Amino acid sequence: KAGVTQTPRYLIKTRGQQVTLSCSPISGHRSVSWYQQTPGQGLQFLFEYFSETQRNKGNFPGRFSGRQFSNSRSEMNVSTLELGDSALYLCASSLNGESTDTQYFGPGTRLTVL
Amino acid sequence: AQKITQTQPGMFVQEKEAVTLDCTYDTSDQSYGLFWYKQPSSGEMIFLIYQGSYDEQNATEGRYSLNFQKARKSANLVISASQLGDSAMYFCAMREDGLTGYSTLTFGKGTMLLVSP
């Protein structure tokens, strides 16, 4: 079974631009979660999607948004980029997003904002 | 209060020795899951082992075992016979059902493990 894939792997943007990151979950997985990882804040939960609906949202500004498609693929968008948005963005999928479900992560997208 | 505490920022171990990475957690939920992930310098988070709150036996996966002490809210990872490829950052994480019934994964700050020849 193919793992979680994320595209692109690397991105360089400038302040004020917007960016869209993509995540394809493991086949059969319906829950997709996004995390931001920075050296200062560690791993922080952004949001979770299940059956095209956002079920949970972390404490991030409205510039961070996402969506999930009917095939469970997910995208996250960051508008009006700031320098502090430079981070590794990780996507994870699990079967149904329950507490006993294991989340499997993709390789991440490393975003650099100049 | 932190939900996941990893008190060891860094650990050193010699090849072929065993090492224990500490993790304590805080939750009032009865149903939760505890996970350990490995993150090499490439950045990918690799799932290692899972322990459910109702599991009575400690989880094991090859060279990895989880020392689960529920009353102490402790979920330490034990790596037996360390290998050079085990050098990486290790994260303990917890997933709770929460009030909404939907769960999120909360991570500790991680422990950097360095394995020397």
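Residues numbered from 1 in each chain as written. Chains lettered and ligands numbered in written order. Predicted model: local features only at pLDDT ≥ 70, side-chain atom pairs only at ≥ 80, totals over all residues. Heavy atoms only, no water.

Observations concerning the nonpolar core
Generally speaking, soluble globular proteins have nonpolar side chains that are buried together.
No. 1: In this structure, Tyr25(B), Trp36(B), Ile49(B), Leu77(B) and Tyr90(B) are the most contacted members of the largest nonpolar core, which totals 24 residues.
No. 2: Considering each element in turn, this core owes the most residues, 4 residues, to strand S10 (residues 88-96) of chain B.
No. 3: Discounting residues that sit within four places of it in the chain, Leu77(B) has contacts with Val19(B), Thr20(B), Leu21(B), Trp36(B), Leu48(B), Ile49(B), Tyr64(B), Ser65(B) and Tyr90(B).
No. 4: Ranked by size, the runner-up nonpolar core spans 21 residues in total, among them Val32(A), Trp34(A), Val78(A) and Ala87(A). (Core = buried A, V, L, I, M, F, W, Y, C linked by side-chain atoms within 4.5 Å. Buried < 20%, exposed > 50% of the residue type's maximum accessible area, 1.4 Å probe, protein only. Helix = DSSP H or I, 4+ residues; strand = E, 2+ residues; numbered from the N terminus. Contact = heavy atoms within 4.5 Å.)

A word on the side chain of Thr27(B)
Residue and element names in this part refer to chain B.
No. 1: Tracing the backbone through its elements, the reader meets threonine 27 in the loop between strand S4 (24-25) and strand S5 (32-39).
No. 2: Judged by relative accessible area, which is 8%, threonine 27 ranks as buried.
No. 3: Reaching out from threonine 27, the side chain makes a polar contact with the backbone nitrogen of aspartate 29 at a distance of 3.0 Å.
No. 4: Excluding residues within four positions of it along the chain, threonine 27 makes contact with Tyr32, Lys73, Met94 and Glu96. (Polar contact = N/O pair within 3.5 Å; in protein donor to acceptor, adjacent residues only side chain to side chain.)

These values are about where atoms sit, not about what they do.
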